[in-house]
Amino acid sequence: NAGVTQTPKFQVLKTGQSMTLQCAQDMNHNSMYWYRQDPGMGLRLIYYSASEGTTDKGEVPNGYNVSRLNKREFSLRLESAAPSQTSVYFCASSARTGDTEAFFGQGTRLTVV
Amino acid sequence: QKEVEQNSGPLSVPEGAIASLNCTYSDRGSQSFFWYRQYSGKSPELIMFIYSNGDKEDGRFTAQLNKASQYVSLLIRDSQPSDSATYLCAVGVGSSYKLIFGSGTRLLVRP
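This one's a predicted model, so the numbers in the text were calculated from it and none came from an experiment.

*Asks:* In this structure, what is going on with the sheet that holds strand β1 (residues 4-7) of chain A? I would like to understand it.
*Replies:* Hydrogen bonds between backbone groups are what pair the strands of a sheet, and the pairing can be parallel or antiparallel. Residue and element names in this part refer to chain A. With respect to topology, four strands assemble into an open sheet ordered β1-β3-β8-β7, the strand pairing being antiparallel. In this open sheet, the two strands that pair with only one neighbour each are β1 and β7 (64-68). Averaged over all adjacent pairs, the angle separating strand axes in this sheet is 15°, with direction ignored. Sheet topology note: the strand β3 (residues 19-25)/strand β8 (residues 74-78) ladder contains three bridges and is antiparallel. The partner of T20 across the bridge, within β8, is R77.

Structure representation (structure tokens):
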């Protein structure tokens, strides 16, 4: 029972490089989320997808793009990484947006140097 | 103003005491409220959710919601050292109920 799977778990990028964080869930959930977590900042919502085919901005969308590839997969892309994007990134999914339990992946620790 | 606010702590309580964690939110239309626990280096996991005004109890945990005051709290009775973690309040905000988290309160339970 995998739940929410994120890849990679760790990544180091140079400033200006691009990369895509992958997320997949096997719970047949409609909604998926990307958060970043910085020390003392809690979880901040980057983008979310209420259902397949839709995406919406969260609290801190600048510098990121997302793709809801299908119902299972929701990817986060950094086009030109900046040191300010050094963070731990969490993907989550829920049956519906915001009113049911969200299940989290194990996180991706990203360092931009 | 952040949409969901919590005291960062740390909140330190002795073993066996009641720990009280508080959260306020700004969107009066919010309908769903969650408490997550996060151990250091781990992912958040759900402890409780509450939708209606009043109290909801689950074992040692009680969630309290007051929509008029835009306030939600979590009480942990008979606190144990294993309860030491960061507790995150989350609220379904706006017409799309996007899930917004507070910055978390760190709880330390002293043996």
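*Asks:* Which parts of the structure should I look at to understand the packing of aromatic side chains?
*Replies:* The description of an aromatic ring pair rests on the distance of the ring centres and on the angle between the ring planes. This structure, assessed with the given rule, holds eleven aromatic pairs over all chains. Aromatic pair Y35 of chain A and F101 of chain B: ring centres 5.2 Å apart, planes at 90°, arrangement edge-to-face. On the criterion of chain membership, the pair formed by Y35 of chain A in strand β4 (residues 31-37) and F101 of chain B in strand β10 (residues 98-101) is interchain, its members lying in two chains. Classification of Y35 of chain A by relative accessible area gives buried; the value is 0%. With centroids separated by 6.3 Å and ring planes inclined at 45°, the aromatic side chains of F34 of chain B and Y36 of chain B adopt a geometry described as tilted. No difference in accessibility class separates F34 of chain B from Y36 of chain B, as the two residues are buried. Among the aromatic residues, ring-to-ring pairing joins Y33, Y35, F90 and F104 of chain A together with F34, Y36 and F101 of chain B into one connected group. Here the basic side chain of K56 of chain B rests over the ring of F49 of chain B, its NZ or CZ set 3.5 Å away from the ring centre. The ring of F61 of chain B has R60 of chain B sitting right over it, with the charged end atom 5.4 Å from the ring centre.

*Asks:* Explain the sheet that holds strand β6 (residues 54-58) of chain B here, please?
*Replies:* All names here are of chain B. Strand order in the open sheet made by the five strands is β1-β3-β8-β7-β6, with antiparallel pairing throughout. Either end of the sheet is taken by a strand with one partner, and the two such strands are β1 (4-5) and β6. When strand β7 (residues 61-66) meets strand β8 (residues 71-76), the two strands line up antiparallel, connected through six bridges. Within the sheet, the bridge partner assigned to A63 lies in β8 and is L74.

Criteria and thresholds
- Residues numbered from 1 in each chain as written.
- Chains lettered and ligands numbered in written order.
- Predicted model: local features only at pLDDT ≥ 70, side-chain atom pairs only at ≥ 80, totals over all residues.
- Heavy atoms only, no water.
- Pairing = 2+ DSSP bridges.
- Helix = DSSP H or I, 4+ residues; strand = E, 2+ residues; numbered from the N terminus.
- Axes fitted to C-alpha atoms, helices over the stretch in contact; angles between N-to-C directions.
- Phe/Tyr/Trp six-rings, centres within 6.5 Å; stacked < 30°, edge-to-face > 60°.
- Buried < 20%, exposed > 50% of the residue type's maximum accessible area, 1.4 Å probe, protein only.
- Lys NZ or Arg CZ within 6 Å of the ring centre and 35° of its normal.

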